[in-house]
Amino acid sequence: MYAPDMLSTRSPKEVWETARSHLRLQLPRSTYETWVRDTTCLAHEDGAFVIGVANAYAKDWLSLRLRPLIKRTLADIVGHAVDVTFVVQPVPVQDDPDRAPAPLLALQTPDETSFTAPIPVALPNYGTNLNPRYTFENFIVGSSNRMAHAVALSVAERPGAAYNPLFLYGGSGLGKTHLLQAIGQFVQASGKRALYVTSEVFTNELIAAIRTQSTEQFRAKYRTIEVLLLDDVHFLAGKEQTQEEFFHTFNALHTSNRQIVMTSDRPPQSIPTLEERLRSRFGWGMIADVQPPNLETRIAILQTKAISLGQAVPDDVLVLIAQRAHRNIRDMEGALTKVLAHAELLKRPLNAALVEDALAYLTPTQNKLSLEAILEVAASYFGASISELTGRGRSARIALQRQIVMYVMREETSASLPQVGQALGGRDHTTIMHGCEKVANDLDTDAELSRAVTELRSRLYEPVRVRS
């Protein structure tokens, strides 16, 4: 513990440099280098440190995720409680003898609405396999995918320099392929060559190349491209020769500072029968997850989809669809299409009754999204009893499970803090707020927690199996 009068003997900037050193030891390397490394102390006013960050993404992320840890770290250094605020203040990267050469941060977009795509230029068709519908402009950004969107945009702006490789993971239908192809669209429009391919296609092309003795042409195609976008990389698991070929392709691209972006349904360490040398390389750059969207983001996605279809859908109808179709974006868009088809074919108005009929195939839990139903599904998922989750037990396991339930209840329903507290055994609203904040703060750094939240959400919205 440092002396209580630390600020009387050292400047706020010096204290912040000490705090950064402490945070560097407490945080994963990727988190520190992305969000903390290039911050600077601008002032110390009324007991609060004012920290300058490069963009709105960093400001939001630090405020929502790391503020409690940063406050504790500063308090330990100065010897008393302090506050901290973050302001957008782009700062030049300063020389630091303790830093190894690190990827350049390219997160210079102040907010989601200020993004401007480069002017398209004519390029020869290199078999990019890019779908023009998938761009950054029509990607809906929310709390569940903000970090993944930010790093994807950084990669698109500075391929090979920002985060290399970039590894995006998350459940099916959450937007990973959209981001992957948006990077390709941006890169192509900037005058560089990008190649999008699924791991299955990569494997099939390798098999064909071996059969026709054309492996040199195969390698020339994949090892000279400027940006390689590989979808569903978990498909390589268990395929020894394909992994061997991709290992050398990865090395060739990475050594020449060519960008590699991959997606998977799980983080590298959770892909079975994947060679350790590939698993370690996949973590060299940045690993970012894409979570299921919360209610507000789901509504925004449906609004955008309805506009693209030229349909005027009442907001209350979109809210109902967003509440019922949750598992992923594909499910939501499919539900919207089904509701619109019912309205057109049956000549019925777009209202709540139509939504109930059109989406009757969804589970009762999904249709109602009650706090009680969430509690029942959570108890089944965790293998705990409802009385344990609502009781006063304080074991580490039950306490964490209870906080996850708090978080999911708040994210997936319109229930207030007191209502969630009442459903969980009459807990005070401040307890619920603390639990939700803790889960939110830890989601990006705790893979097990992230996976538990994702799987619980998925179970809430599994389709009903109709017996024959």
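Residues numbered from 1 in each chain as written. Predicted model: local features only at pLDDT ≥ 70, side-chain atom pairs only at ≥ 80, totals over all residues. Heavy atoms only, no water.

### Here's the deal with the overall build of the chain
Secondary structure assignment for the chain yields 21 helices and eight strands. Looking at the chain residue by residue over its 468 residues, the buried ones come to 48%. The long-range share in the chain, meaning contacts at least 24 apart out of those at least 6 apart in sequence, stands at 74%. Here the chain has roughly 21,900 Å² of accessible surface; of this, 52% comes from carbon and sulfur atoms. (Helix = DSSP H or I, 4+ residues; strand = E, 2+ residues; numbered from the N terminus. Buried < 20%, exposed > 50% of the residue type's maximum accessible area, 1.4 Å probe, protein only. Contact = heavy atoms within 4.5 Å. Areas by Shrake-Rupley, 256 points an atom, 1.4 Å probe, with all protein chains shown as cover.)

### A look at the packing of helix H18 (residues 396–412) against helix H20 (residues 429–442)
Two elements in contact, H18 and H20, have axes separated by 8 Å at closest approach and are oriented at 90°. The orientation of H18 relative to H20 falls into the category roughly perpendicular. Within the contact between the two elements, H18 uses Gln403, Ile404, Met406, Tyr407 and Arg410 and H20 uses Thr431, Ile432, His434, Gly435, Cys436, Lys438, Val439 and Ala440. Looking at the contact of H18 with H20 residue by residue, the classes come out as seven nonpolar, four polar and two charged. (Axes fitted to C-alpha atoms, helices over the stretch in contact; angles between N-to-C directions. Parallel < 35°, antiparallel > 145°, perpendicular 65-115°, else oblique. Nonpolar A, V, L, I, M, F, W, Y, C, P; charged D, E, K, R; others polar.)

### Details of the sheet that holds strand E6 (residues 227–231)
Read across the open sheet, the five strands follow the order E5-E6-E7-E4-E8; overall the sheet is parallel. Looking at which strands have only one partner, the edges of the open sheet turn out to be strand E5 (194–198) and strand E8 (286–290). In this sheet, neighbouring strand axes are inclined to one another by 15° on average, regardless of whether the strands run parallel or antiparallel. As paired strands, E5 and E6 are joined by five bridges and run parallel to one another. (Pairing = 2+ DSSP bridges.)

### A short note on the pattern of salt bridges
Across all of its chains, the model carries 15 salt bridges by this definition. When the shortest N-O distance is used, the salt bridge between Arg67 and Asp83 registers 2.4 Å. Here Asp83 lies in strand E3 (residues 83–88) and Arg67 lies in helix H4 (residues 56–78), a separation of 16 residues in the sequence. Given the relative accessible area of 27%, Arg67 is considered partly exposed. Salt-bridge contacts for Arg277 lead to Glu275; the nearest nitrogen and oxygen are separated by 2.6 Å. With a relative accessible area of 28%, Arg277 lands in the partly exposed category. We classify Glu275 as partly exposed; its relative accessible area is 22%. Residues joined in a network through salt bridges with shared partners are Glu216, Arg219, Arg223 and Glu245. (Salt bridge = Lys/Arg side-chain N within 4 Å of Asp/Glu carboxyl O.)

### Concerning the pairing of strand E1 (residues 40–45)
Relative to strand E2 (residues 48–53), E1 is paired through five bridges, and the arrangement is antiparallel. Paired with His44 across the strands is Phe49, a residue of E2. If you look at the hairpin formed by E1 and E2, you'll find two residues sitting between the two strands, and Asp46 has a positive phi there, around 50°.

### Topic: the environment of Lys71
Mapped onto the fold, Lys71 is located in helix H4. Overall, Lys71 belongs to the partly exposed group, its relative accessible area being 28%. Among residues more than four places away in sequence, those in contact with Lys71 are Val82, Asp83 and Val84.

### What about the packing of aromatic side chains?
Applying the stated criterion across every chain yields a total of 11 aromatic pairs. Measuring from centroid to centroid gives 4.9 Å for Phe218 and Tyr222, while their planes differ by 50°, and the two rings are tilted. Taken together, the positions of Phe218 and Tyr222, both in helix H8 (residues 215–223) and four residues apart, correspond to about one turn of that helix. We classify Phe218 as buried; its relative accessible area is 5%. Counting every residue linked through ring pairs, the aromatic cluster contains Phe167, Phe202, Phe218, Tyr222, Phe246, Phe250, Phe282 and Trp284. The ring of Tyr134 carries the charged tip of Arg133 above its face, separated from the ring centre by 5.1 Å. The ring of Phe235 is capped by Lys239, whose NZ or CZ atom sits 3.9 Å from the centre of that ring. (Phe/Tyr/Trp six-rings, centres within 6.5 Å; stacked < 30°, edge-to-face > 60°. Lys NZ or Arg CZ within 6 Å of the ring centre and 35° of its normal.)

### Let's talk about the side chain of His178
With respect to the helices, strands and loops of the structure, His178 is situated in helix H6 (residues 176–189). For His178, a relative accessible area of 13% translates into the label buried. Not counting chain neighbours up to four residues away, the residues in contact with His178 comprise Arg133, Tyr134, Thr135, Asn138 and Phe139.

### Notes on unusual backbone geometry
Residue Pro165 follows Asn164 across a cis peptide bond; omega there is 0°. Here Pro165 is to be found in the loop between helix H5 (146–157) and strand E4 (166–170).

### Quick notes on the sheet that holds E3
The sheet built from three strands is open, its strands ordered E1-E2-E3 with mixed pairing. Two strands lie at the open edges of the sheet, namely E1 and E3, each paired on one side alone. Taken pair by pair, the neighbouring strands of this sheet meet at an average axis angle of 25°, ignoring direction. Contacts between helix H2 (residues 12–26) and the sheet are confined to E1 and E2, with E1 contributing the most and set at about 125° to the helix.

### Let's talk about the packing of helix H11 (residues 295–308) against helix H12 (residues 315–324)
Packed helix pairs are specified by the crossing angle of their axes together with the interaxial distance, meaning the distance between the axes. Close contact between H11 and H12 brings their axes to 9 Å; oriented N to C, the two are set at 120°. Viewed along their axes, H11 and H12 adopt a mutual orientation that is oblique. Handedness of the crossing formed by H11 with H12: right-handed. Where H11 abuts H12, its residues Leu295, Arg298, Ile299, Leu302 and Gln303 lie against Asp315, Leu318, Val319, Ile321, Ala322 and Gln323. (Left-handed = near helix turned anticlockwise from the far one by under 90°.)

### Remarks on the nonpolar core
Counting residues in each nonpolar core, the largest one holds 54 residues, and the members touching the most others are Phe49, Ile70, Leu74, Phe136, Leu166, Ile183 and Leu229. Those residues in contact with Leu229, other than ones at most four positions away along the chain, are Leu130, Leu180, Ile183, Gly184, Ala194, Leu195, Tyr196, Val197 and Val261. Within the second largest apolar cluster, 31 residues are counted, among which are Ile374, Ala384, Val439 and Ala452. (Core = buried A, V, L, I, M, F, W, Y, C linked by side-chain atoms within 4.5 Å.)

Just distances and angles here, no functional claims.
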